[in-house]
Amino acid sequence: MHHSLPPTRRVLTQPQLLALGKRLLAASDRWFSVRVEHVAYAVTKVANGRVSTQDGDRVQFFIVSAYGSGFPLSIDSNQLNDVTLGRVLEMVERAAPPRPPANEIEPDDPDDDQYYTYNAQALPPVALWHDSTAAAMDTARGEVIPALTEQIGKAGLMGATTVGFSARSLLYLYKQGLTSFSEETDSEVTVTARSKTGSASGWSGAADRDWSRVVPADVAARAITLSELSRNPVAFEPGRRVAILGPAAVAQLVFEMASAFEAGCVRLGASPLSDPRRTNGQRTKIGRRVFDPRLTLLSDPADQMGGFPPFFDDFSIEWKVKGYPTPAITWIEGGILKNLAYKVEGAAGLRLTAADVPRSAHMTTVPGTKTATIEEMIANCQEGVYVNRFSDMQLLDDKTMMMTGVTRDGCFLIKNGKIHKPIKNLRFTDSPFFAFNKVLMVGKEERVAFGAPRSTGEYQSRWPRLPVIVPPMMIQDFNFSALCDAI
Amino acid sequence: MRSFSRRGFLTTSSLAVAGLGFSRPRIAQASSIVLPMRSKAPVAAFLPDLVDPETLRQLARTGVEAAQHAGADYADVRVADVRKLRTDWSMPQMMPLPYSDLHLEYGFGVRVRVGGAWGFAFDVDPTPDGIARAAQSAVNTARGLAKMAGPAVTLIPAPALKGEWSTTVDVDPFSVAPDTHMKLLGACIDAAERVRDGTVGELVFRWAKETRVFASSDGALLTQRFIRSFPGIEVAVHNELRRGLIQLPVPGLAPRCAGFESVVGPELQDRIKATTEEAQQLIHYPEGEAEVGRYEAVLDGDAMAAIFGATVVQALDFERVLGYEANAAGTSFLGPVDDIIGQPVFSPHLTVTANRDASSYGAARWDDEGVATEAFPVIEQGRVVDYFTSRETAPVLAAWYAKTGRPPRSRGSAVAWSATTTPSGCASNLTVSPGKSGTGLNELVAQMSNGILARGVSQYEIGVDPQLSGGAYTARMMFEVRKGQITRRLLDGVVQFRTKSVWKDIIALGDTHSMHCHAHVDWRGETMAKVVQPVTAPAARLAQLDMIQIGRSA
């Protein structure tokens, strides 16, 4: 990548993106909107002494035409010098589609200005960028990796570690004026510590937009502890058990259930939030209790513990007016369903607020709730299973959000208030819409590192991540449906 | 409002896009453009000229030289010019128009070894300066990482080969006009709609044309050209009265190296119609809830290939076995190596061969480390006899190769599906040997007294644990079989399995007529790189299948 950036920047600034966007849009009167994204990432993976890196810079230009075809022009590049920009502009000029005959322009041709001039409300201010993370992208791994490798080696274990940094700037620009910009950094450390025989494994992770708040040594220490506690696991009878789910496990359930909040699916009866009996005169459960009354679920772009760009982007439910602002939304408050996710046009028609489904979600407790630490949950558990995290999640049924997955990297039998012994991993088959109604105890929330736990796979493996902030929970009657041989 | 009907589209005269002043863009970056649907100019007209292979070779040599100059003791470079075409008219009742796009990717990856550690850098829009800068960057990274890496990376020796190779096709899909591509889509829909209530669910043709050059500091310089086809057609029968829907994949559409000739002609249309008729029959079975229990089972070829691809094929990835993916994709139940290799882990019915021959999707004369490809067994009569290795990981099997008289080398299974990703040992085409002739799917079903027939499994409906030792899946269709006859279609059933048990308890495999190819798409590494792994497998009769029920109301 060759362009002028300040030392603490790794991606283009707002003025730079705006200048680029305007040039692209001006290249032809037939272009309607442009999205310019610059992502830089530095990911280092260490396993059994083998180090590999995947560092990259990518700028993507995405230009949409006005004539109802909806088919965009997409150009990726790693170069941003004048020569490359010249080529991009040339292509933008030449590839603009011709104006079709008037009788072939679709009725939903986006000339409706109300959405695309929506700049009257300023985007909610967010603070997703941290210079500490941008500055660490090139340098931190030289210190962190050797330290983690030594720490895990001293414990007599084999380590697999990933240290990742990313920075992104993103601009949406419409001819009618809608302009949305965000910039963000993110960092993540995950450690899997395994015994040399491969018979025990512990995992831990930490993620934060501000690298200065991440303590890699703590991550490794926790993974090591879990691995050491996991030696010689025994089989434990599957069934409905009290489960103490660590934040990483709860996060997997929360992330997978996000699509249940999409208003279209709810109205079609394809969600646990649907009410086909129209109890309240509507097809949704708005106003009814769907979770434990202590729980609140929200998505806030300005969330101090995570946050996200405050507008619709790729992979959201909105395909037409990307870049449209999305404010903070409370989905569930005190267990009561308050809101669903509406696309821009649908929300406007109903005079509601448009928002994406809670892929970035923050689950917390209502004020005054007595929270407990994981240690306190264990102390209060007569018999149950502690789960560090889940993996290989798979949604089985949309209507109930029944999902299955397996425990991983730390699974223990709790008896009489103590960790009794490590147990072999278990498969679960349950729904968060059942589990979050059987909460016995709940803790304080934290942002969770996802690592690469499959099935969330492509989407949550993108950099930067979408933060998920959840508490640990003790849940009654969680359905462990089978033993799992995996370690 | 557009007034296209499908038939109207097919008979409308084409626009000569060139006549509107459109000329080929001079792009050099990865880019996608929409293909004008109504044009008689060949698809290639909408893209820049193919990059001259000599240009690619020069760039690759420049990268290697720059890496050596910067201090690498080993370097290899992959440079590729890739064009992709996708035409799509899935669910035509909801999508009045077909869709198509072209994608161009012109990029490279430089891999270097310095002080025993790897470094890697990639870029799009290769230029001599750009590739030299990337080589320097990779060397700088490796130099830094060498201070923290463990044992030095060593590569099993391989001859430095030179040469050129191409897949052979009759009709280059990029020489065909968009008009003709769209007519093909329309003809496929017509074929399905000849059956009452029939239509298509998925209808997509993907084509890729690639020129890739590999160069290494050992002196290798290899140029390969590929044309790949990755079609996907699923017919659908929707019974309005019963509100049911059945979707069946059309057989015989394996991803492979093939040209446009592989999809034209009446044979494909006949297969589409026959599959739709089959779906029409299947939808009339009565429906019932799947009951929890343990049953005999038959998997059709599609289900067998999908589940095998999601379990055993991934487990044979040697980097998983060695623990390099422990913090990413996961580990493997086919380890430790000494406990597994040569042992009767699976049913003696199971023999699996890896093969990158000229017609397969992963066809190549040389892999992405410059090693000559070869067909080799990975499982022989139930015993694991090899893994998917690279030059770096193959030495771990040296003792086994010596014991069994196999040459100590990687088998040409190092793959980088994009030039901008690092190569790693993984499957790129596998075949499960079929059973006796005359034992088709129907014959296997007829052998069951109380069992389940699973027809088709989507990869996205299989969940496997991180060690691939077990999981759960839902089949597209499951049928109850009593005394060899299908009695009803089962709903809401989920199958739980333990991988070793499934593949150890094979009673019989179907014959060649029951074979089906399923392309397993996987992601691995950090950041995730996409891999495509076709598996061709026959139908299989299993001793047991464990059904659980997921239907539950709040």
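Quick caveat, the model's predicted, so the values are computed rather than measured. Per chain, residue numbering runs from 1 following the sequence as it is written. Whichever chain is written first is A, and whichever ligand is written first is 1; the rest continue in order. Local features in this predicted model are restricted to residues of pLDDT 70 or higher, and side-chain atom pairs are both shown and tallied only at a pLDDT of 80 or more, whereas totals for entire chains, interfaces and linings draw on every residue. Derived side-chain values reflect all non-hydrogen atoms in the structure, with water molecules and hydrogen atoms excluded from consideration.

Participant: How should the overall build of chain A be read in this particular structure?
Facilitator: Helix and strand counts for chain A stand at 12 helices and 19 strands. The contacts in chain A between residues at least 6 apart in sequence include a share of 74% that link residues at least 24 apart. Only the protein chains shown count as cover for residues, and all accessible areas are computed by the Shrake-Rupley method using a 1.4 Å probe. Counting every atom, chain A has about 17700 Å² of accessible surface; 50% of that belongs to carbon and sulfur. By the criteria applied, helices consist of DSSP H or I runs no shorter than four residues and strands consist of E runs no shorter than two, each listed in order from the N terminus. For this analysis, residues touch if any pair of their heavy atoms sits within 4.5 Å.

Participant: How should the nonpolar core be read in this particular structure?
Facilitator: In globular proteins that are soluble, nonpolar side chains generally tend to be buried together. Buried Ala, Val, Leu, Ile, Met, Phe, Trp, Tyr and Cys residues form a nonpolar core when they are joined through side-chain atoms within 4.5 Å. Here the term buried applies to any residue with accessible area under 20% of the maximum for its type, exposed to any over 50%, and partly exposed to those in between, with areas from a 1.4 Å probe on protein chains only. Among the nonpolar cores identified, the biggest contains 70 residues, and A:Leu245, A:Val254, A:Met257, A:Phe261, A:Phe436 and A:Phe478 are the most heavily contacted of them. Ranked by residues supplied to this core, first place goes to helix 7 (residues 247-256) of chain A with seven residues. Residue ranges assigned to the domains are those given by an automatic or database domain assignment. The residues that make up this core include at least three from each of domain 1 (14-188) and domain 2 (233-487) of chain A. The contact partners of A:Phe261, leaving out residues within four places of it in the chain, are A:Val266, A:Leu273, A:Leu297, A:Trp331, A:Ile332, A:Leu337, A:Asn339, A:Leu340, A:Ala341, A:Val357, A:Pro358 and A:Phe433. Counting 67 residues, the second-largest nonpolar core is a separate cluster that includes B:Val312, B:Ala454, B:Ile462 and B:Leu542.

Participant: In this structure, what is going on with helix 3 (residues 128-146) of chain B? I would like to understand it.
Facilitator: Because each turn of an α-helix spans 3.6 residues, side chains separated by three or four positions end up pointing in the same direction. Here helix 3 of chain B contains 19 residues, and its C-alpha end-to-end distance of 27 Å stays within 8% of the 27 Å for a straight helix at 1.5 Å per residue. Burial in helix 3 of chain B covers these residues: B:Gly130, B:Ile131, B:Ala134, B:Ala135, B:Ala138, B:Val139, B:Thr141, B:Ala142 and B:Leu145. One less than the number of residues in a helix, times 1.5 Å, gives the span that helix is expected to have.

Participant: Where do I start with the environment of A:Pro276 in this structure?
Facilitator: Residues and elements named next belong to chain A. Relative to the assigned elements, Pro-276 resides in the loop between helix 8 (263-267) and strand 8 (295-299). When its relative accessible area of 69% is taken as the criterion, Pro-276 is described as exposed. Here the alpha-carbon distance between Pro-276 and Val-266, two residues 10 residues apart in the chain, equals 9.4 Å.

Participant: Hey, could you run me through the packing of helix 5 (residues 140-154) of chain A against helix 6 (residues 216-229) of chain A in this one?
Facilitator: Each pair of packed helices can be described by the angle between their axes along with the distance between the axes. Residue and element names in this part refer to chain A. Two elements in contact, helix 5 and helix 6, have axes separated by 10 Å at closest approach and are oriented at 25 degrees. With respect to each other, helix 5 and helix 6 are oriented roughly parallel. As for how helix 5 packs across helix 6, the hand of that crossing is right-handed. Contact with helix 5, carried on its side by Val-144, Leu-148, Gln-151 and Ile-152, involves Pro-216, Ala-217, Ala-220, Ala-221 and Ile-224 of helix 6 and no other residues of that element. Looking at side-chain class alone, the contact of helix 5 with helix 6 contains eight nonpolar, one polar and no charged residues. For helices, the fitted axis covers only the stretch in contact; all axes are lines through C-alpha atoms, and the angles between them, taken along N-to-C directions, range from 0 to 180 degrees. Geometric relationships in this document are graded by angle, where less than 35 degrees denotes roughly parallel, more than 145 denotes roughly antiparallel, 65 to 115 denotes roughly perpendicular, and other angles denote oblique. Should the near helix be turned anticlockwise from the far one by less than a right angle, the crossing is termed left-handed; should it be turned clockwise, right-handed. Each residue receives one of three labels: charged for Asp, Glu, Lys and Arg, nonpolar for Ala, Val, Leu, Ile, Met, Phe, Trp, Tyr, Cys and Pro, and polar for the others, Gly being one of them.

Participant: Sorry if this is basic, but what is going on with the pairing of strand 13 (residues 402-415) of chain A here?
Facilitator: Looking along a regular strand, one sees the side chains alternate between the two faces of the sheet. Residue and element names in this part refer to chain A. Of all 14 residues making up strand 13, 13 are buried, and the element is well covered by its neighbours. The pairing of strand 12 (residues 383-397) with strand 13 spans 11 bridges and is classified as antiparallel. Residue pairing across strands places Val-385 opposite Leu-413, the latter belonging to strand 13. Relative to strand 15 (residues 426-430), strand 13 is paired through four bridges, and the arrangement is antiparallel. Looking at strand 15, one finds that Val-406 is bridged to Arg-427. A pair of strands is labelled paired if DSSP reports no fewer than 2 bridges between them. Here four bridges tie strand 13 to strand 14 (residues 418-422), and the two strands are oriented antiparallel to one another. Note on strand 14: the bridge partner recorded for Leu-413 is Lys-421. Here strand 13 folds back onto strand 14, and the loop between the two strands holds two residues, one of which, Asn-416, carries a positive phi near 50 degrees.

Participant: What should I look at first to understand the pattern of salt bridges in this one?
Facilitator: Working definition: two side chains of opposite charge can pair if their charged atoms are close together. Salt bridge, as applied in this entry: a Lys or Arg side-chain nitrogen positioned within 4 Å of an Asp or Glu carboxyl oxygen. On inspection of all chains with the given rule, the structure shows 54 salt bridges over all chains. Ionic pairing is found between A:Asp409 and A:Arg389, a salt bridge with its closest N-O pair at 2.9 Å. Here A:Asp409 is found in strand 13, whereas its partner A:Arg389 is found in strand 12, with 20 residues between them in sequence. Grouping residues by exposure puts A:Asp409 and A:Arg389 together as buried. A salt bridge links B:Arg488 to B:Glu480; the shortest N-O distance between them is 3.2 Å.

Participant: Just to check I follow, could you spell out the packing of aromatic side chains for this structure?
Facilitator: The description of an aromatic ring pair uses the distance of the two centres, along with the angle that the planes make with each other. Ring geometry is summarised as follows: Phe, Tyr and Trp rings, the Trp one being its six-membered ring, pair when their centres sit within 6.5 Å, and such pairs are stacked at plane angles under 30 degrees, edge-to-face over 60 and tilted between the two. Applying the stated criterion to the full structure yields 23 aromatic pairs over all chains. Relative to A:Phe433, the ring of A:Phe291 lies with its centre 5.5 Å away and its plane at 45 degrees, an arrangement referred to as tilted. Remark: A:Phe433 occurs in helix 11 (residues 432-435) and A:Phe291 occurs in the loop between helix 8 and strand 8; sequence separation between them is 142 residues. Side by side, A:Phe291 and A:Phe433 carry an identical accessibility label, which is buried. Centre to centre, the rings of B:Tyr285 and B:Phe479 are 5.8 Å apart; their planes meet at 65 degrees, and the pair counts as edge-to-face. Taken as a pair, B:Tyr285 in the loop between helix 5 (266-282) and strand 9 (287-289) and B:Phe479 in strand 20 (residues 477-482) lie far apart in primary sequence, 194 residues in all. For B:Tyr285, a relative accessible area of 25% corresponds to the partly exposed category. Among the residues examined, B:Phe479 registers a relative accessible area of 0% and is labelled buried.

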